[in-house]
Amino acid sequence: SQSGCSLFPHSHYWIASKRIVTPQGIISVEIKGGSIVSIVKNKDWSGKFKQVVDYGNAVVMPGLIDVHAHLDDPGRAEWEGFPSGTKAAAAGGITTLIDMPLNNFPSTVSTETLKLKIEAAEKSIYVDVGFWGGLVPENAFNATALEALLDAGVHGLKSFMCPSGIDDFPMTDASHIKSGLSVLAKYKRPLLVHSEIQSVVESHLETEDGGGDPRSYSTYLKTRPPSWEEAAIRELLTVTKDTRSGGPAEGAHLHVVHLSDASSSLDLIKEAKRRGDSITVETCPHYLAFSAEEIPDGDTRFKCAPPIRDAANKEKLWNALMEGDIDMLSSDHSPTVPELKLLNDGNFLKAWGGISSIQFVLPVTWSYGQKYGITLEQLVSWWSERPAKLAGQHSKGAIAIGNHADVVVWEPEVEFDLNEDHPMFVKNPSISAYIGKRLSGKVLATFVRGNLVYKEGNHAFAACGSTILAT
Ligand SMILES: NC(=O)N[C@H]1NC(=O)NC1=O
Ligand SMILES: [Zn+2]
Ligand SMILES: [Zn+2]
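All values reported here derive from a predicted model rather than from experimental measurement.

Rules of the game
Residues numbered from 1 in each chain as written. Chains lettered and ligands numbered in written order. Predicted model: local features only at pLDDT ≥ 70, side-chain atom pairs only at ≥ 80, totals over all residues. Heavy atoms only, no water. 1 Å grid on protein atoms, 1.4 Å probe; cavity = no way out; pocket = protein on both sides within 12 Å on 5 of 7 lines; lining within 4 Å. Points joined across faces, edges and corners; volume = space filled by probe spheres on them. Helix = DSSP H or I, 4+ residues; strand = E, 2+ residues; numbered from the N terminus. Nonpolar A, V, L, I, M, F, W, Y, C, P; charged D, E, K, R; others polar. Polar contact = N/O pair within 3.5 Å; in protein donor to acceptor, adjacent residues only side chain to side chain. Contact = heavy atoms within 4.5 Å. Donors = N, O, S within 2.8 Å, 3.2 Å for Na, K, Ca; no water. Buried < 20%, exposed > 50% of the residue type's maximum accessible area, 1.4 Å probe, protein only. Phe/Tyr/Trp six-rings, centres within 6.5 Å; stacked < 30°, edge-to-face > 60°. Pairing = 2+ DSSP bridges. Right-handed = clockwise from strand over helix to strand, strands pointing away. Near = heavy atom within 4 Å. Areas by Shrake-Rupley, 256 points an atom, 1.4 Å probe, with all protein chains shown as cover. Axes fitted to C-alpha atoms, helices over the stretch in contact; angles between N-to-C directions.

**Thoughts on the layout of surface pockets**
Quantified by volume, the second largest pocket comes out at close to 620 Å³. Contributing to the lining of the second largest pocket are 27 residues, with Lys-188, Lys-389, Leu-390, Ala-391 and Gly-392 lying nearest its centre. In terms of residue count, helix α13 (residues 376–390) provides more of the lining of the second largest pocket than any other element does, three residues in total. Of the residues that constitute the lining of the second largest pocket, the class distribution is nine nonpolar, 12 polar and six charged.

Right, dumping it as structure tokens:
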């Protein structure tokens, strides 16, 4: 291993455990030069290998791939930044993340701004980091500009159907999206869409403040009803029909980010899948862990968009995930500084919308999924395999020969209280919605391309994650 990149001083070694999550009966994984070079079945294991890290009964899984994180670098590094954000990711078992094109400044919408992103990331990331580019009105009808951005290595594009909250990232409509998809088709890369369309639903909402106490969560909830998600998805489906086989945008793919509404919006997506549209959908741990009923007045740590809805909706989200109607999970880690979360004021209408979560998505998914009987294989599917596919990462997302040695080692049964004393690596720990929760699932070690980048509270000295560019 290069100097300081790894807490384990070997480049050729074996990881052993009784619970390595691959198809069957594996007891040891051989790692050499950053890749998995062999997997050894039970019967062949005789303890004869030299450098063995034996994790006993701990679970060894492919590292998590977070396809939706805002690390806010460059330009708003005080909100998060690559060093702290990727340290937190590593501590949570995430080995790859794809960074969103907004909340950093300038937004990543051109080759020039992508270059700034890459420069900010280089030598300051502890896990592998790729980038989504922004689809905005300014570039949506400019195929040359979009192609240049895709040629420069973004894994796909992201757009908003409602105001993003970021001035230099304006919203797109269906015509922009249709145009973007036609370019993406050639590259076989996805478009990720924040799917909410603002509409006035009831007269008392016309004031936009919902007409209620701004410290009450229900006031905020009413300002972003499920019909916003439904309207956006309805509109998107007029365009995704082009992605069907033989259609004008065959090869393009549309991915609905952070679905909250598990009713009509989800039904529309299911229908589109049945018709053969190339469409997937993610939801996030905060929609699976929390419900509107339990959000205290003034606790703006829970403000996000689309909003966390009621307990019945949460149940439906879990069912959809278990049924396979929701394809994958992502963090939508979208932090800011405590001052903009208005933690003292507690004004839900004015606070920054975004949940800080990146270090805890694995134990959160596992803990809240116990009730539904989730399995380790499902975790791998939702957090590694399918995200890898979405982001075009064919050498990641599974423990398999030839793949990058991106691995998380963790103890599902170990519980911990996530209080202020718990080591947290994000820049602004106080805004995290999970503080105060008791969680199950402790990450022991995280390997990125064979480097042991995190081990029980400590990170490798040097930030040796790679920027990953699409080719
Ligand atoms: N700009 C930004 O990160 N917005 C995110 N925050 C949130 O709660 N939902 C989002 O889309
Ligand atoms: Zn969003
Ligand atoms: Zn987001």
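That shown, we press on.
**Brief notes about the side chain of Ser-384**
Secondary-structure assignment places Ser-384 in helix α13. In this structure the side chain of Ser-384 is engaged in a polar contact, spanning 3.5 Å, whose partner is the backbone oxygen of Pro-62. Not counting residues up to four positions away in its chain, the partners in contact with Ser-384 are Pro-62, Gly-63, Leu-64, Ile-65, Leu-379 and Gly-397.

**Some words on the coordination of the zinc ion (ligand 3)**
Only His-68 (NE2), His-70 (NE2) and Asp-332 (OD) from the protein reach the zinc ion (ligand 3) as donors, at distances of 2.0 to 2.2 Å. Sequence positions of the donors to the zinc ion (ligand 3) reduce to the motif H-x1-H-x261-D. Between the zinc ion (ligand 3) and the zinc ion (ligand 2), a spacing of 3.7 Å is present. Take His-68 and His-70: they sit in the same class, and that class is buried.

**Overview of the packing of aromatic side chains**
Under the criterion given, the structure shown has 14 aromatic pairs. Between Phe-290 and Phe-302, the ring centres sit 4.8 Å apart and the planes meet at 85°, which makes this aromatic pair edge-to-face. Taken as a pair, Phe-290 in the loop between α9 (285–289) and α10 (311–323) and Phe-302 in the loop between α9 and α10 lie far apart in primary sequence, 12 residues in all. Grouping residues by exposure puts Phe-290 and Phe-302 together as buried. Between Trp-318 and Tyr-372, the ring centres sit 4.6 Å apart and the planes meet at 15°, which makes this aromatic pair stacked.

**What to know about the pairing of strand β12 (residues 190–194)**
With five of five residues buried, β12 is to be regarded as a mostly interior element. Taking every second residue as pointing to the same face, both faces of β12 are buried, with Pro-190, Leu-192 and His-194 on one and Leu-191 and Val-193 on the other. Two strands pair when backbone bridges link them, and strand β11 (residues 157–160) and β12 are joined in this way by four bridges, in the parallel orientation. When the bridges of β12 are listed, Ser-159 appears paired with Val-193. In the classification by handedness, the crossover that spans β11, the intervening helix α5 (residues 174–187) and the parallel β12 is right-handed. The pairing of β12 with strand β13 (residues 253–256) spans four bridges and is classified as parallel. Paired with Leu-191 across the strands is Leu-254, a residue of β13.

**Brief notes about the site of ligand 1**
By nearness alone, 14 residues border ligand 1, and Asn-103, His-194, Ala-305, Ser-334 and Gly-353 come closest of all. Within the side chain of His-194, a nitrogen or oxygen atom sits 2.9 Å from an oxygen atom of ligand 1. A distance of 2.8 Å is found between a nitrogen atom of ligand 1 and a backbone nitrogen or oxygen belonging to Gly-353. If ligand 1 stood free it would expose 290 Å²; the protein chains cover 97% of that surface. Here the shell around ligand 1 is built from residues that sort into five nonpolar, eight polar and one charged.

**Section: the sheet that holds strand β15 (residues 328–329)**
Read across the open sheet, the six strands follow the order β10-β11-β12-β13-β14-β15; overall the sheet is parallel. In the strand order of this sheet, the two ends are held by β10 (133–134) and β15, each with one partner. Of the strands in this sheet, β12, β13 and β14 (279–283) are in contact with helix α7 (residues 226–240), which crosses β13 at around 170°. Contacts from helix α8 (residues 264–275) reach β13 and β14 within the one sheet, and its direction differs from that of β14 by about 150°.

From the geometry alone we can't say anything about function, so treat these as descriptive.
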